[in-house]
Structures are given as structure tokens and as C-alpha cells.
Amino acid sequence: MLHDVSLTVAKGRLTSLVGVNGAGKTTLLRTAAGLVMPAEGRVFFRGEDVTREPAHARARRGIALVPEGRQLFASMTVRENLELGATPLRGKPDEIAHNLARAFELFPRLQEREQQRAGTLSGGEQQMVAVARGLMASPAVLMFDELSLGLSPTLTRSLFETLRTLKAAGQTMLLVEQNVHLALAASDDAYVLSEGRISGRRDCGASRGPAGAPWFVAVT
Ligand SMILES: Nc1ncnc2c1ncn2[C@@H]1O[C@H](COP(=O)(O)OP(=O)(O)OP(=O)(O)O)[C@@H](O)[C@H]1O
Ligand SMILES: [Mg+2]
């Protein structure tokens, strides 16, 4: 349950949301993505109230979630999983091809394993597919739930490097992450969630660009 949560993600910034197990982080991301409908409160995206919009409509607006546990289709190939991420771009083959090329540029290992079934990938490779799938829809805001869960320190650092690369390219992101130290070091803004409430807000200022307009606001 969330109460009186007010969280803003600014355009072009990496915003982190940290908090102990059960604090409500996943619930907040799922509420933003339209997978959980709040009993009260509102979700705004680019100034528009999207609270009653279903998940697929929000995906078309460019709200994308890399879910906890990756949730890949195990019996489908890497490429097929990535193509599913581009569902909101139906009818735009050039943009899909561009995004696929970009995904393989970010994660060359996935290109080598393009035809491998996702269920046979290592945990780290599966997380790469999950991140790349999120990027396939040209998301306006990309949200990550427990990006580094179960991954080695080396792979975790490498994924955080990927976040920095994406930020440098202007990607707006909201990150839920257990590794608070790494999350705060990479973030522009951070929120602390405890027992369903925002208990702290921190201005990290890490390599912050000019302040963008609020891009996405969840108030539940
Ligand atoms: N559909 C639901 N019905 C009832 N309670 C729920 C529901 N979904 C989540 N909760 C409860 O809300 C609280 C917050 O859960 P949530 O999964 O958002 O936490 P979290 O911060 O992501 O935790 P973790 O770090 O363990 O992933 C938990 O106590 C959970 O049991
Ligand atoms: Mg969670």
C-alpha cells in the first residue's frame, strides 16, 4: 500500500527510488506503468492525467518497465523477446530496426546469441535482454525494478555503465535498486520510500544536466 506518495521524474534525468523490502517500490513502478490501479491519487505523464489508462495505452505513450525477475519468454529467442518489446511501435519498421541495432550495440553479447532461447541464457544475459527489450519501444521514460538483483559485481557495474551511456543520450529513467551506494552515485535525484511513504528526498546532482520539466509524476 502506498500513501501520500509524490514522486517526480524530470526529463533527461536518472531518478532513483530506494527503500527496504516491502516498502512499496515495486507497487509504485507498477502503478506508474498501469499494472496496478490506485484506489486514490493520480498519475501524470507529460502533464496529462493517465491514471485510468490501461498498461498498453501507457506503453504507447512511452512508459516502459523492466520488471523485477526479468519476465522473459523462456522458449522464445533473444530476438523474438526483443521484438515483443517493440509492440507499441507497430507499423514503424524503420524505428524498430534502428532500436534493434542500438540494443545490439549496447549489448554485443546479445547479438551473438540472437537465436538462442532466452531461458538458456545466464542470469546476466537475461537481464541484458530485459533492459534491451525495454529500450525497443523508444521509451520516453524507462523504469527498472531491481536492476542488479542476483548479478555479479562486475556485471552490475557494467549495467550501471549502460545507464550512464543511456543518460548521456538523454534517456529519462526511474531506477529501483537495492544497491543504494551504486544507485545514488549514478542518480540525479533520489527518493527514499518507507512503509509506503516518501521519507526522504535527495538531490544527488551527479553530472546533472539542465533541469528538465517534470516528465512524469506519480501521486498515489
Ligand atoms: N496486490 C497486493 N495486495 C495486497 N498487498 C500487496 C499487493 N501488492 C503488494 N502488496 C504489499 O505491499 C507492500 C509493498 O510491496 P512491494 O512489492 O511494492 O515492495 P518492494 O518495496 O518492491 O519490496 P522488495 O524490495 O521486497 O521488492 C508489501 O507489504 C506487499 O505485501
Ligand atoms: Mg520490489
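Residues numbered from 1 in each chain as written. Chains lettered and ligands numbered in written order. Predicted model: local features only at pLDDT ≥ 70, side-chain atom pairs only at ≥ 80, totals over all residues.

Chemist: What should I look at first to understand the overall build of the protein chain in this one?
Modeler: Of regular secondary structure, the protein chain possesses eight helices and 10 strands. At 16 Å, the protein chain has a C-alpha radius of gyration in line with the 17 Å of a compact globule built from 220 residues. Taken over the C-alpha atoms alone, the protein chain extends approximately 45 × 40 × 35 Å along its principal axes. By residue count, 40% of the 220 residues in the protein chain fall in the buried class. For the protein chain, restricting intrachain contacts to residue pairs at least 6 apart in sequence, the fraction spanning at least 24 positions comes to 73%. (Helix = DSSP H or I, 4+ residues; strand = E, 2+ residues; numbered from the N terminus. Rg over C-alpha atoms; globule rule 2.2 N^0.38 Å. Buried ≥ 20, exposed ≤ 12 C-beta atoms within 10 Å, placed from the backbone. Contact = placed C-beta atoms within 7 Å.)

Chemist: What exactly am I supposed to notice about the nonpolar core here?
Modeler: A general tendency of soluble globular proteins is for nonpolar side chains to be buried together. Counting residues in hydrophobic clusters, the biggest one holds 54 residues, and the most contacted among them are Leu-28, Ala-103, Val-129, Ala-132, Leu-142, Met-143 and Leu-175. Broken down by element, this core gets its largest block of residues, six residues, from helix H6 (residues 123–135). Formed jointly, this core draws a minimum of three residues from each of two domains, domain 1 (1–62 + 140–220) and domain 2 (72–137). (Core = buried A, V, L, I, M, F, W, Y, C linked by C-beta atoms within 7 Å. Domains from an automatic or database assignment.)

Chemist: Would you explain the domain arrangement of the protein chain in this entry?
Modeler: Assigned domains of the protein chain: these are domain 1 (1–62 + 140–220) and domain 2 (72–137). Using C-alpha coordinates to define each centre, domain 1 is positioned 22 Å away from domain 2. Residue-level contacts link 10 residues of domain 1 with nine residues of domain 2. Broken down by secondary-structure element, the contributors of at least two residues to the side of domain 1 that touches domain 2 are helix H2 (55–61) and helix H7 (153–168). Of all the elements, H7 adds the most residues to the side of domain 1 that touches domain 2, at four residues.

Chemist: What is the right way to look at the site of ligand 1 in this model?
Modeler: The immediate surroundings of ligand 1 are formed by nine residues, with Asn-21, Ala-23, Lys-25, Thr-26 and Thr-27 found nearest. Class assignment of the residues belonging to the shell around ligand 1 gives a composition of two nonpolar, six polar and one charged. (Near = placed C-beta within 6 Å. Nonpolar A, V, L, I, M, F, W, Y, C, P; charged D, E, K, R; others polar.)

Chemist: Is there a simple way to think about the confidence of the model for the protein chain in this case?
Modeler: Low pLDDT marks regions whose predicted coordinates should not be analysed in detail. With 91% of its residues at a pLDDT of 70 or more, the protein chain has an overall mean of 88. Low confidence marks residues 206–213, where pLDDT is under 50. Its contacts with residues over four positions away, or in another chain, come to 12 contacts. (pLDDT = per-residue confidence, 0-100.)

Chemist: How do you make sense of the packing of helix H3 (residues 78–85) against H6 when you look at a structure like this?
Modeler: Each pair of packed helices can be summarised by the angle the axes make with each other and by the distance between the axes. In the contact formed by H3 and H6, the axes pass within 7 Å of each other and the chain directions differ by 35°. As for how H3 packs across H6, the hand of that crossing is right-handed. Here H3 contributes Val-78, Asn-81, Leu-82, Leu-84 and Gly-85 to the contact with H6, which in turn contributes Val-129, Ala-132, Arg-133 and Gly-134. Residue composition of the contact of H3 with H6, grouped by class: five nonpolar, three polar and one charged. (Axes fitted to C-alpha atoms, helices over the stretch in contact; angles between N-to-C directions. Left-handed = near helix turned anticlockwise from the far one by under 90°.)

Chemist: Is there a simple way to think about the environment of Ala-169 in this case?
Modeler: With respect to the helices, strands and loops of the structure, Ala-169 is situated in the loop between H7 and strand S7 (172–176). Classification of Ala-169 as exposed rests on a count of 10 C-beta atoms within 10 Å. In this structure, the C-alpha to C-alpha distance between Ala-169 and Leu-82, residues 87 residues apart in sequence, is 20 Å.

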